[in-house]
Amino acid sequence: MRLPDRLRIARVLLRHEIRGVLASKALWAMLLVLSPLVGYSFIQAVSLFGEASKSALEFPELRRGMTPLDGILVPTLGSLYMAITLLFPFVAIRVVGQDKQSGAAKLAEQYPVGMGTLLTVKTLAVGVAWCLAMIPALSATAIWGVAGGHTHLPELTNLLLGHALYGFAVTGIAFFAAAVADSVATAAIVALAFTLGFWVLDFAAGSSQLDWVQTASRLSLTALLRQFEHGLFGLPQVLETILLGLSLIVAAGLWLSCGRRLSRKIGGSLCVAAAAGLLLAASGHAGFYRDFSEDRRNSFGAAEEAALARMPQRLIITLNLSPDDSRLKDIETNVLSKLRRQVPGLEVGFGDAGRVGLFGSSGDQRYGLIIYEYAGKRMESRSSDPREILSIIHGLADVTVQSEDATPYPGYPLVADVAWSGYWFYCGFPLLTLIFWRFSRMTPRHDIGKEKR
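Draft legend 1. Expanded view of the overall build of the protein chain. Summing up its helical and strand segments, the protein chain has 18 helices and 8 strands in all. In the protein chain, buried positions account for 44% of the 453 residues. Accessible surface computed for the protein chain: about 22,900 Å², of which carbon and sulfur atoms make up 62%.

Draft legend 2. Representation of the pairing of strand 7 (residues 370-374) in the model. Counting buried positions over the 5 residues of strand 7 gives 4, a clear majority of the element. Pairing geometry for strand 7 and strand 8 (residues 377-381), over 5 bridges, is antiparallel. Bridged to I371 within strand 8 is E380. With antiparallel pairing between neighbouring strands as the criterion, strand 7 and strand 8 make up a hairpin whose turn holds 2 residues, including A375 at a positive phi of roughly 55°.

Draft legend 3. Spatial organisation of the nonpolar core. Counting 72 residues, the largest nonpolar core has L27, F42, F88 and F175 as the members making the most contacts within it. A per-element tally of this core places helix 8 (residues 153-180) first, with 13 residues. Setting aside residues up to four positions removed in sequence, F88 forms contacts with M30, A83, V126, A129, W130, G167, V170 and T171. With 22 residues, the next largest nonpolar core counts F300, I331, V343 and L390 among its residues.

Draft legend 4. View of helix 7 (residues 135-146). Spanning 12 residues, helix 7 covers 16 Å between terminal C-alpha atoms, matching the ideal 16 Å at 1.5 Å per step. Considered for burial, the residues of helix 7 that qualify are P136, A137, S139, A140, T141, I143 and W144. Phi for G148, located one or two positions after helix 7, is positive at around 100°.

Draft legend 5. Focus on the sheet that holds strand 8. Reading across the sheet, the 4 strands line up as 4-3-7-8 and stay open at both edges, with mixed pairing between neighbours. Every interior strand has two partners, whereas the edge strands, strand 4 (346-350) and strand 8, have only one. Ignoring strand direction, the axes of neighbouring strands in this sheet form an average angle of 15°. Summarising the sheet, strand 3 (residues 315-319) and strand 4 pair through 5 bridges and their orientation is parallel. Bridge pairing in strand 4 places I316 opposite E347.

Draft legend 6. Up close: the side chain of D291. With respect to the helices and strands, D291 occurs in strand 2 (residues 289-291). Among buried Asp, Glu, Lys and Arg side chains, D291 stands out as unpaired, with R296 the closest opposite charge at 4.1 Å. A polar contact is formed between the side chain of D291 and the side chain of S293, at a distance of 2.6 Å. Among the polar contacts listed, one links the side chain of D291 to the side chain of S299, at a separation of 2.8 Å.

Draft legend 7. The pattern of salt bridges, seen in detail. Applying the stated criterion across every chain, the model contains 9 salt bridges. Here E17 and K122 are joined by a salt bridge, their closest N and O atoms 2.9 Å apart. Of this pair, E17 sits in helix 1 (residues 3-22) while K122 sits in helix 6 (residues 114-133), and the two are 105 residues apart along the sequence. Side by side, E17 and K122 carry an identical accessibility label, which is buried. One salt bridge in this structure joins D385 and R387, with 3.6 Å as the shortest N-O distance. We classify D385 as partly exposed; its relative accessible area is 28%.

Draft legend 8. Structural context of the packing of helix 2 (residues 25-58) against helix 6. Contact pair helix 2 / helix 6: the axes reach a minimum separation of 10 Å and the direction vectors enclose 20°. Relative to helix 6, the element helix 2 is oriented roughly parallel. For the pair helix 2 and helix 6, the crossing hand works out as right-handed. For the pair helix 2 and helix 6, the contacting residues are L27, M30, L31 and L34 in the first and A129, L132 and A133 in the second. Partitioning the contact of helix 2 with helix 6 into residue classes produces 7 nonpolar, no polar and no charged.

Draft legend 9. Region of the structure containing the packing of aromatic side chains. Across all of its chains, the model carries 7 aromatic pairs by this definition. With a centroid separation of 6.1 Å and 55° between ring planes, the pair formed by F42 and F425 is classed as tilted. Linking F42 in helix 2 with F425 in helix 17 (residues 422-442), this pair joins segments that are 383 residues apart in sequence. Across this residue pair, the class does not change: F42 and F425 are buried. Ring geometry for Y81 versus Y166: centroids 5.2 Å apart, planes at 50°, classification tilted. With Y81 in helix 3 (residues 68-86) and Y166 in helix 8, this residue pair connects regions lying 85 residues apart in the sequence. Accessibility assignment for this pair places Y81 and Y166 in one class, buried.

Criteria and thresholds
- Residues numbered from 1 in each chain as written.
- Predicted model: local features only at pLDDT ≥ 70, side-chain atom pairs only at ≥ 80, totals over all residues.
- Heavy atoms only, no water.
- Helix = DSSP H or I, 4+ residues; strand = E, 2+ residues; numbered from the N terminus.
- Buried < 20%, exposed > 50% of the residue type's maximum accessible area, 1.4 Å probe, protein only.
- Areas by Shrake-Rupley, 256 points an atom, 1.4 Å probe, with all protein chains shown as cover.
- Pairing = 2+ DSSP bridges.
- Core = buried A, V, L, I, M, F, W, Y, C linked by side-chain atoms within 4.5 Å.
- Contact = heavy atoms within 4.5 Å.
- Expected span 1.5 Å × (residues − 1).
- Axes fitted to C-alpha atoms, helices over the stretch in contact; angles between N-to-C directions.
- Lys, Arg positive; Asp, Glu negative; His and termini not counted.
- Salt bridge = Lys/Arg side-chain N within 4 Å of Asp/Glu carboxyl O.
- Polar contact = N/O pair within 3.5 Å; in protein donor to acceptor, adjacent residues only side chain to side chain.
- Parallel < 35°, antiparallel > 145°, perpendicular 65-115°, else oblique.
- Left-handed = near helix turned anticlockwise from the far one by under 90°.
- Nonpolar A, V, L, I, M, F, W, Y, C, P; charged D, E, K, R; others polar.
- Phe/Tyr/Trp six-rings, centres within 6.5 Å; stacked < 30°, edge-to-face > 60°.

Structure (structure tokens):
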């Protein structure tokens, strides 16, 4: 078949799938729940941000802590994250599962466009549903701007990209669950087990020092999204999320093929998993990061980063801290996460003094000690201050870095009342949702076969 004919059939299939998504009760039910959820999160975030802003306006030294990214955008889109995790799989499962149960998947497989085109069309249709789910969150950011709030566009764009990638990965999980399971209900349970399993993995990583747990936690979707919430763009994380979603969609295509035996489906899925594992390992070496946060929270100074990038030998940092120690969390956020992107040969380990037994800490006097080793030199410190840690590392490397007079982050405190927006989130958008749902149910569907002819 010629390419123009394949594209014409693909367009017809896409229109059909979009109409099917818009006629889905799961989509409109999700939107009805999502709007009040986003509205409540947004109004509460603005209220809490305003209370904190009163102190910042009275004491100017507190202004730098008033960041709209942490105070407004992340809490507001956090409700979207909950909806995408718990409700969006039902919308995506319906696109594959209903065709499988009704037998329409066997007919669709006979179209001369291939399974890859069919799954691409279904993914685009689910993308339309995700765009509709973004309307309450985008309207919240618009209301924040109308109220006089500050929004740094690169921060917002990066955050939206993270949520889009998360939605794509959830779509892949839902497609694979629908293709493997015998019913839509079973597929929903499988998809939720996947997404909720990432929460368990994050919890285990926060309380365990096992290397394999820490390595596996880096593949968690919530951990990947958290970087975007901090204003950091990482190409390895983007590639990992895309590869995860694509591999699951490809595996779903193998299970949807009616002519394949079960052994071939399982073997093909294992091959896809092996190829995805190799690509995931390779994507971790992409090494491109960009700090889009306005306060530059994810970066050291330019001179310090240049000095760190020129360290050719391996830097070993041994932490004698337990996983639940607040100092470890501060060091991870303010130092280690930045060093991993700047020092090529960084190696972070934990000493025995950081282990915690059944009766609490071991009482070792070395607990809290941090050991730095580089080029045969060794230094010890108990400080968690980033400036002192950097001075130790530069001292080990025999590098002198002149301090820079960076422009301090001004902060954007604002006391605003957006309670009026509740009329939109609690009444206006839900009413429009019901109207459009009713309209979508009344819109007649075109016969694919007739359009094809």
